[in-house]
Amino acid sequence: MKEMLQIVHPETGEPLGQALPRAEAIATGAWCRSTNVYVISPQGFVLCHKRSAAKERLPGVWSTHLGGHVAVGETYESNARKELAEESGMQRDARSLLPWRTTRIDRARLWAREFVTISESEAHEFIPQPGEVDEFRRFAPDEVLRRAEADPAGWCAGTRDFRMEYWRMRSVLASAGATGAMAVPKMPEIWHPGLLGPAAAIVS
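Below is a short write-up of the structure. Keep in mind the model is a prediction, meaning the values are calculated, not measured.

Observations concerning the overall build of the chain
And then number 1: The number of helices and strands found in the chain is five helices and ten strands.
And then number 2: Relative to the 2.2 N^0.38 estimate, which gives 17 Å for 204 residues, the radius of gyration of the chain is 17 Å and therefore close to what a compact globule would have.
And then number 3: C-alpha atoms of the chain, sized along the principal axes, occupy 50 × 40 × 30 Å.
And then number 4: The proportion of buried residues among the 204 residues of the chain is 48%.
And then number 5: Contacts in the chain between residues at least 24 apart in sequence constitute 66% of all its contacts with a sequence separation of at least 6.
And then number 6: Summed over its atoms, the accessible surface of the chain is roughly 9900 Å², and 54% of this surface lies on carbon and sulfur atoms.

Structure, rendered in structure tokens:
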């Protein structure tokens, strides 16, 4: 069965009551919804993955987030949980998957809702989805920025400005921890990107 994507208004992101097969929606540049899910370790490392060479968008590129197009019958939230489970094997409920922004991405013609969660799992414990993900690695945020600057074509670091996005996600997690909505480690000196240093830049 072909995956049918919700078509949305380009200015508001609201569904128009129309749907197109995934390949057709992408080929024609129809505006759709998508999700981006960022996975942060208790020490502040970002789970990154290398996209499969078979992907129609950004093949072989390293990305700081998981996710996918929102299909007919899905919500942003249900899609985020589904994509996270399919692409990495990680199970999350609504309480541990925090939405922090909904943004319009003009270059991809997408309205994306972005989520963040915390996982203590090491990179090798995640299960790459064949045809979607080739490899997982954890990087310090400043290492992501260095690599993206050195190889812009090989990296999709955040949606706009990853340094600012990282701090915004950290603020969301800190607020969730302070209100008891989610268990969040209180390690501000470790979470600071500039203090991780080159020796701790990569955790396999």
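Topic: the environment of Tyr76
And then number 1: Tracing the backbone shows Tyr76 in helix α2 (residues 76-88).
And then number 2: A relative accessible area of 5% means that Tyr76 is categorised as buried.
And then number 3: Considered as a pair, Tyr76 and Glu165 are 89 residues apart in the sequence and their alpha carbons are 19 Å apart.
And then number 4: With sequence-adjacent residues up to four places away left out, Tyr76 is seen in contact with Arg33, Ser34, Thr35, Val70, Thr102, Trp111, Arg113 and Phe115.
And then number 5: Among the polar contacts made by the side chain of Tyr76, one reaches the side chain of Arg33 at a distance of 3.3 Å.

A look at unusual backbone geometry
And then number 1: Of note in this structure, Arg109 is not a glycine but carries a positive phi near 55°.
And then number 2: Structurally, the position occupied by Arg109 is in the loop between β6 (98-105) and β7 (110-118).

Describing the packing of aromatic side chains
And then number 1: For the structure on display, the rule yields seven aromatic pairs.
And then number 2: Ring plane angle 50° and centroid distance 5.7 Å describe the contact between Phe126 and Phe136, whose orientation is recorded as tilted. Note that Phe126 is positioned in the loop between β7 and β8 (133-139) and Phe136 in strand β8, a separation of ten residues in sequence.
And then number 3: Between Phe162 and Tyr166 the ring centres are 6.3 Å apart and the planes differ by 55°, which places this aromatic pair in the tilted class. Residue Phe162 and its partner Tyr166 are located together in helix α4 (residues 162-179), separated by four residues, close to a single helical turn.
And then number 4: Owing to a relative accessible area of 3%, Phe162 belongs among the buried residues under this scheme.
And then number 5: Of the aromatic side chains, those joined through ring pairs into one cluster are Trp62, Phe139 and Trp155.

Here we look at the nonpolar core
And then number 1: Within the largest apolar cluster, 21 residues are counted, with the highest numbers of intra-cluster contacts made by Cys48, Val116, Val144, Trp155, Phe162, Leu173 and Met182.
And then number 2: Looking at this core, the elements with two or more residues in it are β3 (32-40), β4 (46-51), β6, β7, α3 (141-150) and α4.
And then number 3: For this core, the leading source of residues is α4, giving five residues.
And then number 4: Filtering out sequence-adjacent residues up to four positions away, Val144 remains in contact with Cys48, Thr64, Phe139, Trp155, Ala157 and Phe162.
And then number 5: With 18 residues, the next largest nonpolar core counts Val37, Val39, Phe115 and Phe126 among its residues.

Some remarks on the environment of Glu120
And then number 1: Looking at where Glu120 falls in the secondary structure, it is placed in the loop between β7 and β8.
And then number 2: Relative accessible area serves as the criterion here: at 66%, Glu120 is assigned to the exposed category.
And then number 3: On a C-alpha basis, the gap between Glu120 and Gln43 in space is 8.8 Å, while along the polypeptide they are 77 residues apart.

Concerning α2
And then number 1: The end-to-end C-alpha distance of α2, which contains 13 residues, comes to 18 Å, matching closely the 18 Å that a straight helix rising 1.5 Å per residue would cover.
And then number 2: Considered for burial, the residues of α2 that qualify are Tyr76, Asn79, Ala80, Glu83, Leu84, Glu87 and Ser88. Here the buried residues of α2 occupy an arc of 130° about the axis, which is enough to place them on one side.
And then number 3: On its buried face, α2 sits against β3, β6, β7 and β8.
And then number 4: Positive phi appears at Gly89, one or two residues downstream of α2, with a value of about 85°.

A short note on the state of the cysteines
And then number 1: Per the stated rule, a full pass over the model turns up zero disulfides.
And then number 2: A disulfide-free cysteine, Cys48 has its sulfur positioned 10 Å from the sulfur of Cys156, the nearest such atom.
And then number 3: Accessibility expressed as a relative area gives 15% for Cys156, which makes it buried.

Reading guide: rules and limits
Residues numbered from 1 in each chain as written. Predicted model: local features only at pLDDT ≥ 70, side-chain atom pairs only at ≥ 80, totals over all residues. Heavy atoms only, no water. Helix = DSSP H or I, 4+ residues; strand = E, 2+ residues; numbered from the N terminus. Rg over C-alpha atoms; globule rule 2.2 N^0.38 Å. Buried < 20%, exposed > 50% of the residue type's maximum accessible area, 1.4 Å probe, protein only. Contact = heavy atoms within 4.5 Å. Areas by Shrake-Rupley, 256 points an atom, 1.4 Å probe, with all protein chains shown as cover. Polar contact = N/O pair within 3.5 Å; in protein donor to acceptor, adjacent residues only side chain to side chain. Phe/Tyr/Trp six-rings, centres within 6.5 Å; stacked < 30°, edge-to-face > 60°. Core = buried A, V, L, I, M, F, W, Y, C linked by side-chain atoms within 4.5 Å. Expected span 1.5 Å × (residues − 1). Arc of directions from axis to C-beta. Disulfide = S-S within 2.5 Å.

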